[in-house]
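# Tertiary structure, described
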Amino acid sequence: MLFRSAALLTVFLTFSAEAVFAQAVPRTVSGKPDLQGIWQVQNRASYNLLSHTARQDMQPGMGVVVGDEIPYQPWAAEQQLANFENRQTDDPLSKCFLPGVPRIMYMEHPFHIFQTDERVAITFEWTQVFRHIYTGGQQQMYPGIEMWMGDSRGRWEGDVLVVEVIDHNDQTWFDAAGNFHSNAMHLTERYRMLDENTIEYEVTIEDENVFTRPWVIRMALHRQTHMDRILEYQCQSEVEEANGDFERDVRTWYPATIPEDNEPFDADAGVELPELTVAADIPRLADGTPDISGYYLADGGGSNYGLETFSDRFLLPDSRGVVVDPPDGILPYQTWAREERIDRQRPHRGYDDPTAHCFLGGVPRSHYIPAPFFFLQPPGHVVVLHERMSYRQIFLDGRAHLPDHIRLWQGDSVGRWEGDTLVVESTNFNGKAWLNEVGDVVSHAQTVIETFTPVSADQIIYRATVSDPIAYTRPWTMEMPFNREDQEVLETACLEDNNDLGHLKDVRDEYRAAQNQE
């Protein structure tokens, strides 16, 4: 009888604990644990997954591997030791490359989890990389394509998000100590909320080419309650600016001032554009706002090679012209900025285009670089995931813009719905971006007002009005359609595969050497 009572008490306590847990964690409208928010580890796993003492380039830390042992095959154990000895040059992160999964999850940088019923997106401070986790049972469209960040497919097992990650390449490491894997690695991640501010993150690693058995890492992710956004850490641009390979433009980079001989900026100039008609059958979210989520490709008409109309140019595609205001389609440049745009077309200036260095395209350029993007609509946000491995976060909570001195490649974007049109105001740019490869000019002083209007279930008309008193005499507006397609955003690892920048640098250096000899 005593045994039966003890057993019943155990069952009762277990049930009570599960009931308390079920009530303790925040939940989405559909009842799943709500993982949304900014998270960060509080460990030293990025230096070494195993327990380790301090070194000059490595802070000490306790291990996160269950059993504190990685079961390497003998040859692989020797390779790990070699990696460790050469870590300062061979670690992919020393070159600012993509960290891969799971390493990106426990680097000492915060990340933001966004969640819908069909998807989870994780955006990271490190180099603006993201993860796109399909949780609605979507099957891979392109299986077998190896990627730095792998391919992630998730499912809910009760209150635990389980994510299978496959199709890795063999170029990433687990940590700065040289622990590594092959392209056969299979990860099973488990995200379990322990309370409102803690996620237990567990990963089972399987790789028969490198290890003798599966092994597990486990750690806590902590909600960053003092942060309401993550900013940008563009590793490669910071390196190149510091060593002089990416040079400051004193006329466009923050805090450049308006040139004294500029024409006065007419902020009120502009024509009223035709009102767009929204189709009655567009999909909608539960709150009635248009559902614009999905994969899109801009019909940019060659905008990445010129916003004005161009044809018959040597080695450059035609541009149909996307400037709709002024009505003549000509950008209202200040004299110096028009001259600068013409100069940027000279061969030795190709090295100066930030996208040649694989830096961010900025706004609005990120949308018409010839690469697709994905709109995600989690509560309170619109998140744009660009295949060229960057993202935009648009806040819909009415917050104020960042302080003036905080300057970003992608700017600070605050949006609102006006009827069925998403209106976004972006400020706080750093002025480092070009508008395209031919060098259309924009400065840090720009404010961009974008409208995204779903005119049908499969098309958004995009307009962007740029007001920049440094480079232009008045605001101007561009327009193009975004077309929805049934595709998946993959991964364009630009920096990791960039073989052209060196040639562009040679052209620039040869030009400068010739100029110095004259």
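Residues numbered from 1 in each chain as written. Predicted model: local features only at pLDDT ≥ 70, side-chain atom pairs only at ≥ 80, totals over all residues. Heavy atoms only, no water.

### Digging into the pattern of salt bridges
Once their charged atoms are close, side chains differing in charge can pair, the charge on each being opposite to the other. For the structure on display, the rule yields 39 salt bridges. One salt bridge in this structure joins R512 and E247, with 2.7 Å as the shortest N-O distance. Taken together, the positions of R512 in helix α6 (residues 501–517) and E247 in the loop between α4 (235–243) and β10 (294–298) put the pair 265 residues apart, joining distant regions of the chain. R512 gets classed as partly exposed once you look at its relative accessible area, which sits at 33%. Since its relative accessible area comes to 37%, E247 is described here as partly exposed. (Salt bridge = Lys/Arg side-chain N within 4 Å of Asp/Glu carboxyl O. Helix = DSSP H or I, 4+ residues; strand = E, 2+ residues; numbered from the N terminus. Buried < 20%, exposed > 50% of the residue type's maximum accessible area, 1.4 Å probe, protein only.)

### Regarding the sheet that holds strand β1 (residues 37–41)
Across a sheet, strands are paired by hydrogen bonds formed along the backbone, either parallel or antiparallel in direction. The 9 strands are arranged β1-β2-β3-β4-β5-β6-β7-β8-β9 in a closed barrel whose pairing can be described as mixed. If you compare each strand with its neighbour and ignore which way they point, the axes differ by 30 degrees on average. (Pairing = 2+ DSSP bridges. Axes fitted to C-alpha atoms, helices over the stretch in contact; angles between N-to-C directions.)

### Looking at the environment of G136
By the secondary structure assignment, G136 is in the loop between β4 (130–134) and β5 (151–157). Under the relative-accessibility criterion, G136 is labelled partly exposed at 38%. Put simply, G136 and R119 are 17 residues apart on the chain and 6.7 Å apart in space, counted from C-alpha to C-alpha.

### A short note on the domain arrangement of the protein
Annotation of the protein at the domain level lists domain 1 (23–223) and domain 2 (251–485 + 499–504). For domain 1 and domain 2, the distance between their C-alpha centres works out to 33 Å. Interface area for domain 1 against domain 2, summed over the two sides, is near 1,300 Å², with a carbon-plus-sulfur share of 75%. At the junction of domain 1 with domain 2, the criterion picks out 0 salt bridges. When residues of the side of domain 1 that touches domain 2 are traced back to their parent elements, those giving at least two are β2 (111–115), β3 (119–124) and β4. Take the side of domain 1 that touches domain 2: its biggest share by element is 4 residues, from β3. Residue classes in the side of domain 1 that touches domain 2 are distributed as 7 nonpolar, 8 polar and 2 charged. (Domains from an automatic or database assignment. Buried area = accessible area lost by both parts, 1.4 Å probe. Nonpolar A, V, L, I, M, F, W, Y, C, P; charged D, E, K, R; others polar.)

### Some remarks on the packing of aromatic side chains
Across all of its chains, the model carries 24 aromatic pairs by this definition. For the pair Y333 and Y472, a centre-to-centre distance of 4.9 Å together with 20 degrees between the ring planes defines the contact as stacked. Here Y472 lies in the loop between β18 (459–467) and β19 (476–484) and Y333 lies in the loop between β11 (323–325) and α5 (335–343), a separation of 139 residues in the sequence. Here Y333 matches Y472 in class, with each residue buried. Arranged with centres 5.6 Å apart and planes meeting at 80 degrees, the rings of F373 and F375 form a pair that is edge-to-face. Judged by its relative accessible area of 0%, F373 falls in the buried class. For F375, a relative accessible area of 0% translates into the label buried. By way of ring pairs, the aromatic residues Y72, W75, F174, F180, F211 and W215 are connected into one cluster. A cation sits over an aromatic face here: R87 above F84, 4.0 Å from the ring centre. Geometry around Y134 places R153 over its ring, the cationic atom sitting 4.1 Å from the centre. (Phe/Tyr/Trp six-rings, centres within 6.5 Å; stacked < 30°, edge-to-face > 60°. Lys NZ or Arg CZ within 6 Å of the ring centre and 35° of its normal.)

### Description of α4
Within α4, burial applies to C235, Q236, S237 and E240. Positive phi shows up at G244, right after α4, with a value of about 90 degrees.

### Overview of the pairing of β1
Within a regular beta strand, the side chains point alternately toward one face of the sheet and then the other, so they alternate between its two faces. Among the 5 residues in β1, 5 count as buried, and that is most of the element. Here β1 shows a buried face lined by G37, W39 and V41 and a second buried face lined by I38 and Q40. As paired strands, β1 and β2 are joined by 3 bridges and run antiparallel to one another. The partner of W39 across the bridge, within β2, is F111. For β1 and strand β9 (residues 215–223), the ladder comprises 3 bridges, and the chain directions are antiparallel. Along β9, the bridge assignment pairs V41 with L221.

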